[in-house]
Amino acid sequence: MWDYSEKVQEHFFNPRNAGAVDKANAVGDVGSLSCGDALRLTLKVDPDSEVILDAGFQTFGCGSAIASSSALTEIIKGMKIDDALGVSNQDIADFLDGLPPEKMHCSVMGREALQAAVANYRGEEWKDDHEEGALVCKCFAIDEVMIEDTVRANGLRTVEEVTNYTKAGGGCSACHEGIEEILTRVLAESGERFDPNAVAGEIKKPKSGLTNLQRMKRIEELLEEIRPNLQRDHGDVELVEVDGKYIYVKMIGACAGCQMAATTLGGIQQHLAEGLGEFIQVLPAEELARRAAMGG
Amino acid sequence: MTDGIYLDNNATTMVAPEVVAEMLPFFSEQFGNPSSLHQFGDKVGRAVKRARRQVQSLLGAEHDSEIIFTSCGTESDSTAILSALRAQPDRKEIITTLVEHPAVLTLCEQLEKEGYTVHYLEVDKKGRLDIPAYYKLLSDNVAIVSVMWANNESGTLFPVEEMAEMARSAGVMFHTDAVQAVGKLPIDLKSTAIDMLSLSGHKLHAPKGIGVLYLRRGVRFRPLLRGGHQERGRRAGTENAASIVALGKACEMAREAMDYEKTFVKAMRDRLEQGILAQVGHCFVTGDANNRLPNTCNIAFEYIEGEAILLLLNKMGIAASSGSACTSGSLEPSHVMRAMDIPFTAAHGSVRFSLSRYNTMEEVERVIEAVPPIVEQLRKLSPYWSGDGPVEEPEKAFAPSYA
Ligand SMILES: Cc1ncc(COP(=O)(O)O)c(C=O)c1O
Ligand code: FES
C-alpha cells in the first residue's frame, strides 16, 4: 500500500486529540464528503493571551488525513494563534517524517482547517483560495490545476517550460504525456495548437527605454512574482548584483541545496527574460565571487 | 501458508502449490524453446500444447487453436479491441460500459482522442445494464462490443451471452473481459456467440504475467505484436513456457473446483456478508446481490473512509481492498461506485472482500469479529457521526466554507 512513515502510522493508529474540544471558541471546517476528505478542527483559545489551550479534530478520511489532523493538533497546542498561523502544510508533513506525494493534500487540509478556525475565532470569513486537481507529476506532487494555472498565467508552450515553472516533469519524465495533454487543452482555449517541437522560452526583442533604476526595480518585481513558488518549497531567492545581462542571485533555504537548483535558476531566468523582454543570464552568487577572484 | 487472512482474491491470488510444482522444471531442465526442432524444444512444445488443451477445456472452446497466450489480461483486452478496429477500418464506433476495468476504459479514452466514438453503457443503482438501450446502439458503424463478464469491484455479472447473441445478429464482433469470471463460473464458449474473451492467470491461482485471448475460429484478426510465428503468428514473442504450463494446470484445477466455488466459497461469502450486516449499522451491499460472483462481496460503510478501514484491517492481518479515492491516489471514489450512483457518504467507504477456495469458515468468523470495532473506532473520529448514528442531515451539519 502506501509508503507511510512510522510516524504517520503511529498517529493514525493512536490519534492524539480526537474528538471535539469542550467549550471550544473556534471551529474550522474544511473538505467535503464528495472528495473523501473532511476535517473539523475545534480550538479553545485563551482570549487574553491568544494561546491555544486545547485542540481537537474530527476527520473523515484516509490514514494520512487522520494522521495529519492528529499532527496538526499536537503542533499547535500551546502556541499563540499568530504563531500557529505560521504553520505550513510542509511543517505538518515534516512533523510526520514526510507524506507520499499523493497524500500531500492531507497536510494542506490541516493548514486550511487551522486558517478557517482562526478566522472563525476572529469573527472573520475565511475563503479558500486553493483548488485541487488530479495529481499529474508524482515526482514533485504537482496537480493538474496548478499546471493549468501556471500555463495560463505565464503563457507557457512547452513541457520544458512547465518543468521550469512548476518542477512538474523534471524527474522521471513519466508525466510528460499528461503535461502535453494539459498544454494542448489550454492552448486550444486561445485557438492555438500545442507544438511538440517548439523551443522553450522564445525571448522577445529588448524593450528599449528602461533606465537602469527602472530596470532594477522591474527585476525586483519579477522576482517577487515567483517568490511564492519558492517559498512554498521552503526556499527563497535574493538579488545580489546586476551586471548588464548577468543577474546574480542567491538561493536561500531549501532551494540552496536542492538538486533542482539548476532547474529553478532556469525558471527564474526565463521569468526575468520574458518580463524584461531582453536576453539575460541568471547566475548563482557564487559565480560572482569566482569571476571577481579571477579578476574578470 | 501465510499467517494473515487474505480476502483480496479479485486483486490477485496465491499460486496453487500444485501449480508451482508443475512449472518449476521449466526454469531448469526444461529450458528449451518450444519452437525448436530438437529434443530440448520438443518437450517444452508438448507441454505448451497440453496447457493449451487445459485452457480450452476450462473455457469450453471448440478448438485448441482458439487459445492465444498473451502476457496478461490487459494485453488480451488491448489486442481484442485494437484488432477489431484494424480489421474493420470503416467501423469507427465501440460499445462498452462505464464500469469496465481500466484495461478497457483507459484504452477507450485514448481511442476517443484518436477520433473513435465510444458508447459507454450506463448501469442502474444495482449495477445492471439497460439491455434495450444496448440493442439500439448496435449498427454497421460499430467495430466491437467489449463488455466485462463479471465486475471486479462488485462482482456483478453482465448477461454477456445474451448480449453476444444480439451483437452477432447485428453483425458486430463481441469481446468480453472475463478476467474475473474465468475459474469462478462455468463457461462453455462453443455454445455462445462470444467472439473474443480475455482471461488472466493470476486471478485463478496461476502466476502473474500470463494471460489468454480466446479468439473464435474465423473471426477476423490483426495481431498486436508481429514478429515470429509463435501462436500461429497471432502473438509473436517466444512463449513464456513455465507460466503457460502453470496456467494450464491452474485451469485444470479450477475446473475440478468449480462445484466447490458455487457451494462452499459462496457459503463463506454469504456468511461473511450476513455476519457483518447483522452487526454494523449504516452499511449496505453494493452491486446486484442476486446476480454476482460467488466469491465477491462489496460493502459500503457510510461516513468513514475505505483506506482507513483497510489500514486497521491490515493491522489485524486481514487483507481486503477499497474503492475509495485515497487508495487509488485519485480524487474521485471508484468509477464503479460512481456509475451505480452510490452516495459519496458511502462510496468512499466501500470495502471489497473477495474469497477463494483457500479461505476457511474459521477465517470468515474472525473477520466478522474484527470489522464492527474498526467501523466504530473510525466513526468516532468522523465529523459526520455523533454517538450512535450519523449527525442529522450530515451534508448540512458539516458544511465547510467550500466543498
Ligand atoms: C476485470 C479485469 N480486467 C482486466 C484486468 C487486468 O488483468 P492483468 O492484471 O492480468 O493485466 C483485471 C485485473 O486487475 C480485471 O479485474
Ligand atoms: S512524475 Fe513527473 S517527473 Fe516523475
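Residue numbers restart at each chain and count upward from 1, following the sequence in its written direction. Naming scheme: in the order in which they are written, chains are lettered from A and ligands are numbered from 1. Per-residue local features are limited, in this predicted model, to residues with pLDDT of at least 70; the limit for side-chain atom pairs, both in listing and counting, is 80 or more; totals at the level of whole chains, interfaces and linings are taken over all residues. Working from all heavy atoms in the structure, the side-chain values ignore hydrogens and water.

I would appreciate a short explanation of the overall build of chain B in the present structure.
Think of it this way: any DSSP run of H or I at least four residues long counts as a helix, any run of E at least two long counts as a strand, and we number them from the N terminus. Per the secondary structure count, chain B includes 14 helices and 15 strands. As defined in this context, the radius of gyration uses C-alpha atoms, and a globule is described by 2.2 Å times the residue total to the power 0.38. For 403 residues, the compact-globule estimate of 2.2 N^0.38 gives 22 Å, and chain B sits close to it at 22 Å. The C-alpha extent of chain B, read off along each of the three principal axes, is 75 × 50 × 35 Å. Look at the contacts in chain B between residues 6 or more apart in sequence, and 72% of them connect residues 24 or more apart. Carbon and sulfur atoms form 51% of the exposed surface of chain B, whose accessible area is close to 16300 Å². Think of it this way: Lys and Arg go in the positive column, Asp and Glu in the negative one, and His and the chain ends go nowhere. Each charge is placed at NZ for Lys, CZ for Arg, CG for Asp and CD for Glu. The average position of the 42 basic charges and that of the 51 acidic charges among the side chains of chain B differ by 6 Å. Pairs of residues are marked as contacts when any of their non-hydrogen atoms sit within 4.5 Å. To measure how exposed things are, a 1.4 Å probe is used in the Shrake-Rupley method; for residues, cover is taken only from the protein chains shown.

Can you help me understand the site of ligand 1 in this one?
Residues and elements named next belong to chain B. With respect to spatial proximity, 13 residues lie near ligand 1, and among them T74, D177, Q180, S200 and K203 are the closest. Contacts described as polar in this section are N or O atom pairs within 3.5 Å, which, within protein, must combine one atom able to donate a hydrogen with one able to accept it, while residues neighboring in sequence count only if both atoms come from side chains. T74 has a polar side-chain atom sitting 2.5 Å from an oxygen atom of ligand 1. Between an oxygen atom of ligand 1 and a side-chain N or O atom of S200, the distance comes to 2.5 Å. Ranked by residue count, the leading element in the shell around ligand 1 is helix 3 (residues 73-87), at 3 residues. Distances are taken per atom, and a residue is near a molecule or strand as soon as one of its heavy atoms is within 4 Å of it.

Is there a simple way to explain the packing of aromatic side chains in this structure?
The relation between two aromatic rings is expressed through the spacing of the ring centres and the mutual angle of the planes. Under the pairing criterion, centres of Phe, Tyr and Trp rings, with the six-membered ring standing for Trp, must be within 6.5 Å; the plane angle then separates stacked pairs below 30 degrees from edge-to-face pairs above 60, leaving the rest tilted. Under the definition given, this model contains 5 aromatic pairs over all chains. A ring pair is formed by B:Y303 and B:W385, whose centres lie 5.9 Å apart and whose planes are at 50°; its orientation type is tilted. In this pair, B:Y303 is assigned in the loop between strand 10 (296-301) and helix 9 (306-315) and B:W385 in strand 14 (residues 385-386), connecting sequence segments 82 residues apart. Residue class for B:W385 comes out buried when judged on its relative accessible area of 11%. Charge over a ring is defined by NZ of Lys or CZ of Arg lying within 6 Å of the ring centre and within 35 degrees of the ring normal. Against the face of A:F13 rests B:K315, its NZ or CZ located 4.4 Å from the ring centre. One cation-aromatic arrangement involves B:R379 over B:W385; the distance from NZ or CZ to the ring centre is 4.4 Å. Each residue gets one of three labels from its accessible area relative to the maximum for its type: buried under 20%, exposed over 50%, partly exposed in between, using a 1.4 Å probe on protein chains only.

Got a minute to help me understand helix 5 (residues 104-121) of chain A in this structure?
Residues that lie three or four places apart on an α-helix share one face, since the helix turns once every 3.6 residues. How far a helix is expected to stretch is found by multiplying one less than its residue total by 1.5 Å. Here helix 5 of chain A is 18 residues long and its end C-alpha atoms lie 26 Å apart, about the 26 Å a rise of 1.5 Å per residue gives. Taken from the residues just after helix 5 of chain A, A:G123 is the one with a positive phi, measuring 70°.

Explain the domain arrangement of chain A here, please?
A common way to express how large an interface is: the accessible area buried when the components associate. In terms of domains, chain A is made up of domain 1 (6-121), domain 2 (135-189) and domain 3 (212-293). On a C-alpha basis, the centroid separation for the pair domain 1 of chain A and domain 3 of chain A is 35 Å. Domain delimitation follows an automatic or database domain assignment.

What is the right way to look at the interface of chain B and chain A in this model?
Contacts between chain B and chain A engage 33 residues on the former and 37 residues on the latter. When chain B packs against chain A, close to 2900 Å² is buried across both sides, 66% of that on carbon and sulfur atoms. What counts as a salt bridge is simple: a side-chain nitrogen of Lys or Arg found within 4 Å of a carboxyl oxygen of Asp or Glu. At the surface where chain B touches chain A, the tally comes to 2 salt bridges. A salt bridge links B:E307 to A:K103; the shortest N-O distance between them is 2.4 Å. Here chain B and chain A share 6 residue pairs in polar contact (both at pLDDT 80 or more) between them. Taken together, the elements giving at least two residues each to the side of chain B that touches chain A come down to helix 4 (102-113), helix 9, helix 10 (325-328), helix 12 (344-347), helix 13 (361-381) and helix 14 (394-397) of chain B. The leading source of residues in the side of chain B that touches chain A is helix 9 of chain B, at 6 residues. Classification convention: Asp, Glu, Lys, Arg as charged; Ala, Val, Leu, Ile, Met, Phe, Trp, Tyr, Cys, Pro as nonpolar; all other residues, Gly among them, as polar. Residues of the side of chain B that touches chain A, tallied by class, amount to 20 nonpolar, 8 polar and 5 charged. Here the quantity called buried area is the total loss of accessible area, with a 1.4 Å probe, experienced by two parts when brought into contact, counted for both.

What exactly am I supposed to notice about the environment of B:T117 here?
Residue and element names in this part refer to chain B. Looking at the secondary structure, you find T117 in strand 4 (residues 117-121). Taking the relative accessible area as the measure of exposure, T117 reaches 39% and is therefore partly exposed. When the C-alpha positions of T117 and P383 are compared, they lie 43 Å apart, and in sequence the two are 266 residues distant. Residue contacts for T117: discarding those within four places in its chain leaves K92, E93 and I94.

Is there a simple way to explain the sheet that holds strand 9 (residues 283-285) of chain B in this structure?
Sheet strands pair by backbone hydrogen bonding; their relative direction is either parallel or antiparallel. All names here are of chain B. Strand pairing is assigned whenever DSSP identifies at least 2 bridges connecting the two strands. Pairing within the open sheet is antiparallel, and its 4 strands lie in the order 9-10-13-12. Each edge of the open sheet carries a strand with a single partner, namely strand 9 and strand 12 (321-322). As defined by bridge partners, strand 9 adjoins strand 10 across 3 bridges and the pair is classed as antiparallel. For C283, the partnering residue across the bridge sits in strand 10 and is F301. Helix axes are fitted only over the stretch in contact, all axes being lines through C-alpha atoms; the angle between N-to-C directions runs from 0 to 180 degrees. Contacting strand 9, strand 10 and strand 13 (350-354), helix 8 (residues 258-279) crosses the sheet at an angle of about 15° to strand 10.

I tried to follow the sheet that holds strand 6 (residues 235-243) of chain A on my own but got confused; where do I start?
Residues and elements named next belong to chain A. Across the sheet, 3 strands lie side by side as 6-7-8; this open sheet has mixed pairing. Where the open sheet ends on each side, the last strands, each with one partner, are strand 6 and strand 8 (281-284). Taken over all neighbouring pairs, the strand axes of this sheet differ in orientation by 35° on average, direction set aside. As paired elements, strand 7 (residues 246-253) and strand 8 share 4 bridges and run parallel to each other. Paired with I247 across the strands is V282, a residue of strand 8. Those strands touched by helix 9 (residues 212-232) are strand 6 and strand 7, and its axis lies near 160° from that of strand 6.

How should the pattern of salt bridges be read in this particular structure?
Pairing of side chains with opposite charge becomes possible as their charged atoms draw close. All chains considered together, the criterion is met by 31 salt bridges over all chains. Between B:D8 and B:R352 there is a salt bridge, with the nearest N and O atoms lying 3.1 Å from each other. Taken as a pair, B:D8 in the loop between strand 1 (5-6) and helix 1 (17-23) and B:R352 in strand 13 lie far apart in primary sequence, 344 residues in all. The class for B:D8 is buried, based on a relative accessible area of 11%. A single network of salt bridges, built from pairs that share partners, joins A:E144, A:E148, A:D149, A:R152, A:R185 and A:E189.

Would you mind showing me how to read a nonpolar patch on the surface here?
Excluding any residue in a salt bridge, patches collect residues exceeding 30% relative accessible area, merging like charges within 9 Å and nonpolar Val, Leu, Ile, Met, Phe, Trp and Tyr side chains within 5 Å. Residues B:V20, B:L24 and B:F27 make up a contiguous nonpolar surface patch of about 280 Å² in total accessible area. Mapped onto the elements of the fold, B:F27 is located in the loop between helix 1 and helix 2 (39-59).

Would you take a moment to explain the packing of helix 3 of chain B against helix 4 of chain B for this structure?
Between two packed helices, the angle of one axis relative to the other and the distance separating the axes together describe the packing. All names here are of chain B. Between helix 3 and helix 4, whose axes approach to 9 Å, the crossing angle comes to 35°. Relative to helix 4, the crossing made by helix 3 is right-handed. For the pair formed by helix 3 and helix 4, the contact residues are T74, D77, S78, I81, L82 and L85 on the first element and A103, V104, L107 and L111 on the second. By residue class, the composition of the contact of helix 3 with helix 4 is 7 nonpolar, 2 polar and 1 charged. In a left-handed crossing the near helix is turned counterclockwise from the far helix by less than a right angle, and in a right-handed crossing that turn is clockwise.

Help me understand unusual backbone geometry in this model?
Peptide bonds are trans in most cases, and residues, glycine excluded, mostly fall at negative phi. Residue and element names in this part refer to chain A. In this structure, A141 is a non-glycine residue whose phi angle is positive, near 50°. Look at K167: it is not a glycine, yet its phi comes out positive at around 80°. Position of K167 among the secondary structure elements: in the loop between helix 7 (159-166) and helix 8 (176-189). Take K167: its relative accessible area is 22%, and that puts it in the partly exposed class.

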